[in-house]
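Observations on the three-dimensional arrangement
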Amino acid sequence: MKNTKRALAGLIAVASAFGFAGCGKSSGNEESSYVDKVKVEDTDQIAAIPDDAEKELIWLSYFDINPTKREPETRTDLDLFQKKGGSITYWQTTSLEKYEALAARLMSNDPPDMFWYEQKMTFPANVIKDMFQPIDELVDFDSDMWSGVKDTADNFALNGKHYVAPIKFVTNSVLTYDKSMIEAAQLDDPYDLYMAGDWDWDTWYDLMDEYCSAASDGEERYGINGWFAPFIFHSTGKTLISLDEEKNEYVSNLYDADFERATDVLYNIQKNGMYYPDWVGQAADAFKKNILFYAMGPWAVSGSHTPADGEEWGIVPMPKDPDSDTYYCTPEINAYMWVKGSTKNEAMKTWMECARLVNTDEKYKAIDKEKFFTTNPNWTEEMYQMAYEETFTEKYVQMIDPGYGISTVLSDDDAATTATKEAIISYMYSSVMKTDDDGAQYTWTQLRETYKNTIDSELKTFNAEYKKFIGE
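Below you will find a few notes about this structure.

Rules behind the numbers
- Residues numbered from 1 in each chain as written.
- Predicted model: local features only at pLDDT ≥ 70, side-chain atom pairs only at ≥ 80, totals over all residues.
- Heavy atoms only, no water.
- Phe/Tyr/Trp six-rings, centres within 6.5 Å; stacked < 30°, edge-to-face > 60°.
- Helix = DSSP H or I, 4+ residues; strand = E, 2+ residues; numbered from the N terminus.
- Buried < 20%, exposed > 50% of the residue type's maximum accessible area, 1.4 Å probe, protein only.
- Lys NZ or Arg CZ within 6 Å of the ring centre and 35° of its normal.
- Pairing = 2+ DSSP bridges.
- Axes fitted to C-alpha atoms, helices over the stretch in contact; angles between N-to-C directions.
- Patch = residues over 30% accessible without salt bridge, like charges linked within 9 Å, V, L, I, M, F, W, Y side chains within 5 Å.
- Areas by Shrake-Rupley, 256 points an atom, 1.4 Å probe, with all protein chains shown as cover.
- Salt bridge = Lys/Arg side-chain N within 4 Å of Asp/Glu carboxyl O.
- Lys, Arg positive; Asp, Glu negative; His and termini not counted.
- Charge placed at Lys NZ, Arg CZ, Asp CG, Glu CD.
- Contact = heavy atoms within 4.5 Å.
- Parallel < 35°, antiparallel > 145°, perpendicular 65-115°, else oblique.
- Left-handed = near helix turned anticlockwise from the far one by under 90°.
- Nonpolar A, V, L, I, M, F, W, Y, C, P; charged D, E, K, R; others polar.
- Core = buried A, V, L, I, M, F, W, Y, C linked by side-chain atoms within 4.5 Å.
- Expected span 1.5 Å × (residues − 1).
- Arc of directions from axis to C-beta.
- Polar contact = N/O pair within 3.5 Å; in protein donor to acceptor, adjacent residues only side chain to side chain.

Attention now moves to the packing of aromatic side chains. Counted by the stated rule, this structure contains 37 aromatic pairs. Each ring, one from F63 and one from W116, has its centre 5.7 Å from the other, and the planes form 85 degrees; the classification is edge-to-face. A residue pair is termed long-range when its members are at least 10 positions apart, and F63 in the loop between strand 1 (56–61) and helix 2 (76–83) and W116 in strand 3 (residues 114–116) qualify at 53 residues. The residues F63 and W116 share a single accessibility class, namely buried. A network of ring pairs unites the aromatic residues W59, Y62, F63, F81, W116, Y336 and W351 as a single cluster. Taking NZ or CZ as reference, R105 lies 3.9 Å from the ring centre of W91, over its face. For the cation-ring pair, K363 lies above Y364, with the distance from its terminal atom to the ring centre recorded as 4.7 Å.

Set out below in structure tokens:
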């Protein structure tokens, strides 16, 4: 059941990032884009699809863009696309079988036109399997509409051709806390520490340690629950797998010294009893269990999970590396992939521009924010800034983790056979917080040696396919 809940949380996070489940609270999607409910007038920022071009796009996915019985209102991006002459036809598949369904369509020479980008396996793994085609003829990265995402898009380029054009960035995970718990324990407010430039691994750890150490006899206290381990690695500015530009191949960073420091922090959180490992679905439940920090996407602390009247919560980003002056974030990227074999470039160009515009235009963003506060009246401006805006300012450098898109063994949680249903890269990020069957906690050295050969072997196979794809 625990693993099922974790898998469901992942799907909810994707849903909330995109907003495809609308405002229905029964779906579990608490961060849907309210701007999707706003009808807009036509705009001259986007050209209509030419009369002699194909106007219907085929969308292969596990969620529909069109209105449904459950969500009968037309989304803003679709409304705008229809005003430009376009339409979208939905080919349904499942989240677990999406790539298999796409491969079958490609093999039968009956491809859809577009497919949802996901961090795991879309790029570069399924790009070099010829599932997708470059989007450079659709997207002008020097234009006002797209220039703001060019640096990110450059991470998704092969042979100088781009395959991913982000339409929106979503916060993967934040640290939510109950201010009354902070005050009762006489701890420094994390938000104040962050604003003073003092929010790093050390101050974060010290707060949890002080809180847990002050537990009375028979009282159980914990420092943290949720999803945070990968972001501690990423705050060093490095990932377990990276592209070596000189060699032009993907390499392992298992022995990087900065990861020794990151894993020391995570190891000690578990060793000293500060980590609550079981699934907790919302912040309020975590606080009732005397958990100081709840680490999860903003979807889990808003909507039906929002603070009640009289509650005062705070939110801060993940702590930075104390040995670095740079702030790093790892965003969830919303984007549409152009499927190999699709010839509907005019319609695809128009659709992508419609999707980009409704997620970036200030009037739509203002409506989105206003509606959010209507549903979440006990949120503060500080919380909103930290959860939805702060990590996408110039203060932060975006981290793109290629390790999630290398191979089934390394990257595909859906195909994982381990007890935790994690592929090796996902597993390695949190592995020092796990224990063996005898309850002994794994060390980074032990785990490195256990998985080194598998990682090297998978990279060798992948790099051979990669070099073939780019013509080397």
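Spatially, 4 strands are ordered 2-1-3-15 in an open sheet, and the strand pairing comes out mixed. If you trace the sheet from one side to the other, it starts and ends with strand 2 (87–92) and strand 15 (336–338), each paired once. On average, adjacent strands in this sheet sit at an angle of 35 degrees to one another, irrespective of strand direction. Across 6 bridges, strand 1 lies against strand 2 in parallel orientation. Across the sheet, the residue bridging to I58 is T89, located in strand 2.

A few words now on a negative patch on the surface. Taken together, the side chains of E183, D188, D192, D202, D206, D209, E210, E312 and E382 define an acidic patch exposed on the protein surface. In terms of residue count, helix 7 (residues 201–213) provides more of the negative patch than any other element does, 4 residues in total. Mapped onto the elements, D188 comes out in the loop between helix 5 (179–184) and helix 6 (190–195).

Take the sheet that holds strand 12 (residues 313–316) next. Each strand in a sheet pairs with another by means of backbone hydrogen bonds, the pair being arranged parallel or else antiparallel. Pairing is mixed in the open sheet, where 4 strands are placed in the order 8-11-7-12. Looking along the sheet, the strands with just one partner apiece sit at the ends: strand 8 (222–226) and strand 12. In this sheet, neighbouring strand axes are inclined to one another by 25 degrees on average, regardless of whether the strands run parallel or antiparallel. Sheet contacts for helix 7: strand 7 (174–178), strand 8 and strand 11 (291–296); angle to strand 11, the most-contacted strand, approximately 140 degrees.

At a minimum axis distance of 12 Å, the contact between helix 12 (residues 362–375) and helix 13 (residues 381–389) shows a crossing angle of 125 degrees. With respect to each other, helix 12 and helix 13 are oriented oblique. When the axes of helix 12 and helix 13 are compared, the crossing they make is right-handed. Residues K369, F372 and F373 of helix 12 pack against E381, Y384, Y388 and E389 of helix 13.

With respect to the helices and strands, the residue T461 is situated in helix 16 (residues 444–470). For T461, a relative accessible area of 45% corresponds to the partly exposed category. Placed 225 residues apart in sequence, T461 and T236 show a C-alpha to C-alpha distance of 28 Å.

Before going further, it helps to spend a moment on the environment of W201. Structurally, the position occupied by W201 is in helix 7. Assessed through its relative accessible area of 3%, W201 is described here as buried. Excluding residues that lie within four positions of it along the chain, W201 makes contacts with I232, S235, T236, R261, A262, V265, P319, K320, D321 and P322.

Time to look at the packing of helix 7 against helix 9 (residues 257–271). The description of two packed helices rests on the angle between their axes and on the distance between the axes. At a minimum axis separation of 11 Å, helix 7 and helix 9 run at an interaxial angle of 10 degrees. Considering the angle they form, helix 7 stands roughly parallel to helix 9. Seen from helix 7, the contacting residues are W201, W204, Y205 and M208; seen from helix 9, they are R261, A262, V265, N268 and I269. Residue classes in the contact of helix 7 with helix 9 are distributed as 7 nonpolar, 1 polar and 1 charged.

Let us now look at the pairing of strand 8. Counted residue by residue, strand 8 has 4 buried out of 5 residues, so it is predominantly covered. As paired elements, strand 8 and strand 11 share 4 bridges and run parallel to each other. Bridge pairing links G226 to A295 in strand 11.

The next subject is the nonpolar core. Judged by nonpolar contacts, the single largest core of 141 residues is most densely connected at W204, I224, F228, I269, F293 and W351. Take this core: its biggest share by element is 8 residues, from helix 11 (residues 345–360).

With 13 residues, helix 7 extends 18 Å between its outermost C-alpha atoms, agreeing within 8% with the 18 Å of an ideal straight helix rising 1.5 Å per residue. Every buried residue belonging to helix 7 is among W201, W204, Y205, L207, M208, Y211 and C212, and all of these are buried. Buried residues along helix 7 cover an arc of 155 degrees about the axis, so they all sit on one side. One side-chain oxygen at the N-terminal end of helix 7 lies 3.0 Å from the backbone nitrogen of D202; it belongs to D200.

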